[in-house]
There are 2 protein chains.
Amino acid sequence: MTITDVAARAGVSPATVSKVVNGRYGVAPRTIAHVRQVVAELGYETSLVASSLRSRRTGVLGVLVAEFEPYSTEILKGASRAVAGTGYELLAYSGGTRTDGDEGWERRSLSRLGGTLVDGAVLVTPTVALVTGATPVVAIDPHAGPAAVPTVDADSHRGAVLATEHLLRLGHRRVAFLGGRPGLESSRLREEGFVTTMRAAGVPVAPELLRVGGYRPGPAAEAARAVLALADRPTAVFAANDLSAIAVVEVARELGLAVPADLSVVGFDNIPESALVDPPLTTVEQPLQEMGARAVRRLVGLVDGDAAAGEGAAWGDHLRLPTALVPRASTAPPA
Amino acid sequence: MTITDVAARAGVSPATVSKVVNGRYGVAPRTIAHVRQVVAELGYETSLVASSLRSRRTGVLGVLVAEFEPYSTEILKGASRAVAGTGYELLAYSGGTRTDGDEGWERRSLSRLGGTLVDGAVLVTPTVALVTGATPVVAIDPHAGPAAVPTVDADSHRGAVLATEHLLRLGHRRVAFLGGRPGLESSRLREEGFVTTMRAAGVPVAPELLRVGGYRPGPAAEAARAVLALADRPTAVFAANDLSAIAVVEVARELGLAVPADLSVVGFDNIPESALVDPPLTTVEQPLQEMGARAVRRLVGLVDGDAAAGEGAAWGDHLRLPTALVPRASTAPPA
DNA sequence: GTGAAAGCGCTAACAT
DNA sequence: ATGTTAGCGCTTTCAC
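Looking at an unreviewed UniProt entry, one finds chain A named LacI family transcriptional regulator, with Pseudokineococcus lusitanus as its source organism.

Here you go:
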């Protein structure tokens, strides 16, 4: 079912059909009606691929993620809400699931979709610096270092301070930290928040208690196993995200350690799943849905080019949203 | 950055670059190495749009949804897990957010993406019959009536029976039902399960207690307001999905009714959010993530064309997964 | 082993 | 008001 089929059936040229479908001027009312009729009969819909190749304006915004897990889908929910009523549609692309290592998925996805398929893109946790091409881009929780694009994130440093203070207040002194994905600014800030708060409290952080979980359950579980096998086991673990924290709880269970009686665990993100595990996870909330919504609104401003209106002008290069401690049942004073 | 740029820089023709990039035979090893080098230097990535227009094979699977809300994102999580290691990437498209009524988004999205952009698609809650075109399709929780495509759903009828029995067991006799989206098979089955169970228990269902919420918070809230304003108010509401049930709880609160003391509420789906509201929602679980995963595996079988292997042959036209009651705090005996 | 040329479905510029 | 033409970036014969 192509535009040529419609044209043939309606007895006009493809160009005329195109004009009618896209509401361009210069078509007789009679012709419009007739073509519309045929379009409806045949159930014709313009191919996104073909039209985007030619016209460079698709009315579609991209959300580029490594994979669809609880973090990115929360972002997506917010993005979806924000896009309603803007006239844009949302296309979420998960480009990090290829087997050959997921480095550089964001650059790859952007190159493959940008310029043609989508009018602009929200990049979720891009770990590499972005080539500022022709496609407007907004980054969420981006790569460390100077950002070339507008950026939305949450106050990771403050969140880490809150989590660490919470553990210190409970009486923990030997606390392990499971770091996030190297390269991400949030990862750096959470570690920094943890270390400075510990130091400020006069509590030394043993190097063997500083591990990397990469924000991923697998590596996090491995790191947790290592740290919990130490002769001088920590009484608490602060994991850089909830997925890692949940993995820590599972490892603790495997090892016969009760949470929080034998081990306190704190996460980060407050994904819905964090409240559903047993025990419910103490964590740091980031307003994920709002981050997604803000990013989309900013992107719409960028794409529409009215720097004056709406979210376009509301914030400049960087929007940082607040974080908050959510105390639940995975933390308690050490035994 | 196009293939022509790479070709020019490498001193070969676009055709040769294409062959190298796609690993076709008939290129000298020296040339391959050189072109690879230039590709890496320039950071070239083949445009998904252009290549898909020409070649009809993209390695991308689509998940078509009306919007990204808790239900569809759970499906997405499962789909994402299932697609890992298959060599396919996932593209989720939300085509129902256009302002002009969301009727027919599934047909529209499929026409726009199918055949070119994606090799196959999972359609989530399509409300209209599908044109079985060239693109392989698997439907999740589809339109009522005979399905022309392989289908995954959960046992809605059984789930509704369980929920209704739960309310009857608690002693409720005046129970309202907030129906789902007309046209969806799941909607019909849940209502049928409710009505038959009530009848079987010898409890009449007053027509004014049978309402439609359309699976959406807005209409559901409206229906809830109507039903709770009745002189002879129901003591319990069974909503056809969690989003509606949550809306009911909010309306009850507005009206000064305590849940579950003054009104019991049961939902359906067991989206993560259902456990997080106050009070935690009694609901019926559907294995949403598994449904997404199964649908994707089936689709991969369809696209790869090996009907013999794996999920392709594991089930035929219809896979129905079990549902289960999840009793939480939103239900109690009537006052 | 490599390149020239055609064409995927569509839209925009330019005829008519 | 309508049609003809060219070309978006790529892949695929088919010559060479």
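> Could you give an account of the relation of the copies chain A and chain B, with specific residues and numbers?
Mapping between the two chain copies consists of a rotation about an axis together with a translation along that axis. Mapping chain A onto chain B calls for a screw motion: a turn of 180° about the axis and a shift of 0.0 Å along it, with 0.1 Å RMSD after fitting. A rotation of that kind, with that shift, is consistent with a two-fold axis. Most of the interface of chain A is mirrored in chain B: 100% of its interface residues are interface residues there too.

> Quick rundown of the protein's contact with DNA strand D? Include the residues and the values.
Taken together, 26 residues form the shell around DNA strand D, and within it A28, T31 and R54 of chain A together with I3 and Y44 of chain B come nearest. When the atoms of DNA strand D within 4 Å of the protein are sorted by group, sugar and phosphate make up 63%. Between DNA strand D and T31 of chain A there is a distance of 2.6 Å, counted from a phosphate oxygen to a side-chain nitrogen or oxygen. Of all the secondary-structure elements, those providing two or more residues to the surface near DNA strand D are α2 (14–21) and α4 (48–55) of chain A together with α2 (14–21) and α4 (48–55) of chain B. Counting residues per element, the surface near DNA strand D draws most heavily on α4 of chain B, which supplies four residues. Residue composition of the surface near DNA strand D, by class: nine nonpolar, 12 polar and five charged.

> Can you lay out the protein's contact with DNA strand C for me, pointing to particular residues and giving the numbers?
Neighbouring DNA strand C are 26 residues; I3 and Y44 of chain A together with A28, T31 and R54 of chain B lie closest to it. Protein-adjacent atoms of DNA strand C, using a 4 Å cutoff, are sugar or phosphate at a proportion of 64%. With respect to DNA strand C, the side chain of R54 of chain A contributes an N or O atom lying 3.0 Å from a base oxygen. Interatomic distance of 2.7 Å between a backbone N/O atom of A28 of chain B and a phosphate oxygen of DNA strand C. When contributions to the surface near DNA strand C are tallied by element, the ones reaching two or more residues are α2 and α4 of chain A together with α2 and α4 of chain B. Looking at the surface near DNA strand C element by element, the count peaks at four residues for α4 of chain A. Of the residues that constitute the surface near DNA strand C, the class distribution is nine nonpolar, 12 polar and five charged.

> Account for the packing of helix α1 (residues 3–10) of chain B against α2 of chain B, with residues named and values stated.
All names here are of chain B. The contact between α1 and α2 brings their axes to 8 Å, and the two run at 105°. Comparing their axes, α2 and α1 come out roughly perpendicular. Contacts between α1 and α2 involve I3, V6 and A7 from the former and P14, V17 and S18 from the latter.

Rules used throughout
- Residue numbers run consecutively from 1 along every chain, following the written order of its sequence.
- To read the labels, note that chains go from A and ligands from 1, taken in the order they are written.
- Only residues with pLDDT of at least 70 get local features here, since the model is predicted, and only at 80 or more are side-chain atom pairs given and counted; chain-wide, interface and lining totals rely on the full set of residues.
- Water and hydrogen atoms play no part in the side-chain values, which are based on all heavy atoms of the structure.
- For this overlay, a least-squares fit was computed on C-alpha atoms, restricted to residues scoring pLDDT of at least 70 in both copies.
- A contact between two residues is defined here by any heavy atoms of the two lying within 4.5 Å.
- Any residue with at least one heavy atom within 4 Å of a molecule or strand is counted as near it.
- As used in this structure description, the phrase polar contact means that two N or O atoms lie within 3.5 Å; if the pair is within protein, one of them must be able to donate a hydrogen and the other to accept it, and residues adjacent in sequence are counted only when both atoms belong to side chains.
- Working definition: helices are DSSP H or I runs of at least four residues, strands are E runs of at least two. Numbering for both runs from the N terminus.
- Just so you know the grouping, Ala, Val, Leu, Ile, Met, Phe, Trp, Tyr, Cys and Pro go in nonpolar, Asp, Glu, Lys and Arg go in charged, and all remaining residues, Gly too, go in polar.
- An axis is simply a line fitted to the C-alpha atoms; with a helix, the fit covers only the stretch in contact. Between two such axes, the angle follows the N-to-C directions and lies from 0 to 180 degrees.
- An angle counts as roughly parallel when it lies under 35 degrees, as roughly antiparallel when it exceeds 145, as roughly perpendicular when it falls between 65 and 115, and as oblique in every other case.

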